[in-house]
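# Observations on the three-dimensional arrangement
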Amino acid sequence: MSQKSLTIALSGNPNAGKTSIFNHLTGTRQKVGNWPGVTVEKKEGTIRKYGYELRIIDLPGTYSLTPFSIEEIIARDFILEESPDVVVVIIDSSNLERSLYLATQIRELDCKVVFCLNMADVARSRGIKIDASKLSELLDVPVLFTVGNKNDGIDALLKTAIELAESDSLTTHKRRVRYRADIEKAIKELESVLATELGSALSYNTRWAAIKLIEDDTIVKKRIEQVAGSKGKRVFEAAQSQRDTLMGLFDEEPEILTTDERYGFIAGIVKEVHTTAVQQ
């Protein structure tokens, strides 16, 4: 009987320990090449464990999924276009707030996500405590601690990723980033236009696509143009209208507004789950 195959993508900030975890998972069973058309290194490995053939993809380290760098574009495109069964976000436990920016952006893609609180030993040595169960409850994702360079917690991480991949539970909208009322109104109206004009032709989640259009994301606009044909004009006009309305209200680029809102959301989460012991 052939083994079932799953694809697990590893994502995370540079220096969060993602490479250590990838190396422990794949050992010598790695292939190193380049992502198509670019010189950015692509690493993947295939392992057989727990009755599965697991393809592990090490995505380029990034601080966000905003497509300013080639690494960000590669990471986002892989998650959107290749639809891995699970995305494991490697979080630096000693720098939770910064790490959560990328993690919450991935969470907004509505894919299956596991949060891996790595470098837990470094965090402990600095008196940092993170309530993993509270973080899991607030964001509705599995959360585990690991020390990647010591191979601590890696098996549990892999088992959790497999369980999530095999679960038939849909990704929920619980505690997804909620923007201020005027931005939410713009998102909802643009979602309606996308649904009317494109319907099932758009493979992206409509809420996410609406947010990206409000942020004037050039890559998402290009993809919509490819699938929309003549209907794209109506979508782009609606997006520009919402952008103009928001700029008129706040005298700020919408992409700056949404970034500020995400940071505010993250600050609220960190306040609930993160404590630092006072050093004597």
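Above this text you will find the structure in question.
Please read these numbers as outputs of a predicted model, since none were measured by experiment. (Residues numbered from 1 in each chain as written. Predicted model: local features only at pLDDT ≥ 70, side-chain atom pairs only at ≥ 80, totals over all residues. Heavy atoms only, no water.)

### A closer look at the packing of aromatic side chains
Taken as a whole, this structure holds three aromatic pairs when the rule is applied. When the centroid spacing of 5.8 Å and the interplanar angle of 75° are considered together, the rings of Trp35 and Phe78 count as edge-to-face. With Trp35 in the loop between strand S2 (30–34) and strand S3 (41–49) and Phe78 in helix H2 (residues 70–82), this pair connects stretches of sequence that are 43 residues apart. The same class applies to Trp35 and to Phe78, which are both buried. Note on Tyr204 and Trp208: the rings are 5.4 Å apart at their centroids and 80° apart in plane angle, and the pair reads as edge-to-face. Looking at Tyr204, the relative accessible area reads 8%, which means it is buried. For the cation-ring pair, Lys42 lies above Trp35, with the distance from its terminal atom to the ring centre recorded as 4.8 Å. Sitting over the face of the ring of Phe250, Arg180 holds its NZ or CZ atom 4.7 Å from the ring centroid. (Phe/Tyr/Trp six-rings, centres within 6.5 Å; stacked < 30°, edge-to-face > 60°. Helix = DSSP H or I, 4+ residues; strand = E, 2+ residues; numbered from the N terminus. Buried < 20%, exposed > 50% of the residue type's maximum accessible area, 1.4 Å probe, protein only. Lys NZ or Arg CZ within 6 Å of the ring centre and 35° of its normal.)

### Some points on the pattern of salt bridges
Evaluated as defined, the whole model comprises 23 salt bridges. Here Lys212 ties to Glu215 by a salt bridge, and the two come within 2.7 Å at their closest N and O atoms. Residue Lys212 shares its accessibility class with Glu215, and that shared class is buried. Two residues, Arg262 and Glu215, come together in a salt bridge whose shortest N-O distance is 2.8 Å. (Salt bridge = Lys/Arg side-chain N within 4 Å of Asp/Glu carboxyl O.)

### Here we look at the sheet that holds S2
If you walk across this open sheet you meet the seven strands as S2-S3-S4-S1-S5-S6-S8, and the pairing is mixed. What marks the edges here is a single partner per strand, and that holds for S2 and strand S8 (143–145). Strand-to-strand, the axes of this sheet are offset by a mean angle of 25°, without reference to chain direction. Sheet analysis places S3 next to strand S4 (residues 52–58), joined by seven bridges and oriented antiparallel. Residue Thr46 lies in a different strand from S4, and its bridge partner there is Arg55. Relative to S3, helix H1 (residues 18–26) is tilted by about 40°, and along the sheet it contacts strand S1 (4–12), S2, S3, S4, strand S5 (86–92) and strand S6 (113–118). (Pairing = 2+ DSSP bridges. Axes fitted to C-alpha atoms, helices over the stretch in contact; angles between N-to-C directions. Contact = heavy atoms within 4.5 Å.)

### A closer look at the pairing of S1
Burial within S1 is extensive, with seven of its nine residues counted as buried. Looking at chain direction, S1 and S4 are connected through seven bridges and run parallel. Bridge pairing in S4 links Thr7 to Arg55. Two elements, S1 and S5, share five bridges in a ladder whose sense is parallel. By the bridge assignment, Gly12 is partnered in S5 with Ile90.

### Comments concerning the nonpolar core
In terms of nonpolar packing, the biggest core is built from 64 residues, with Leu100, Ile106, Phe115, Leu194 and Ile224 touching the most fellow members. Those residues in contact with Leu100 that sit more than four places away from it in its chain are Ile91, Phe115, Ile266, Ile269 and Val270. Ranked by size, the runner-up nonpolar core spans 24 residues in total, among them Tyr52, Cys116, Leu144 and Leu164. (Core = buried A, V, L, I, M, F, W, Y, C linked by side-chain atoms within 4.5 Å.)

### Regarding H1
What H1 keeps buried is the set Lys18, Ile21, Phe22, Leu25 and Thr26. All buried residues of H1 lie within an arc of 115° about the axis, which places them on one face of the element. (Arc of directions from axis to C-beta.)

Read these as geometric descriptors, not functional statements.
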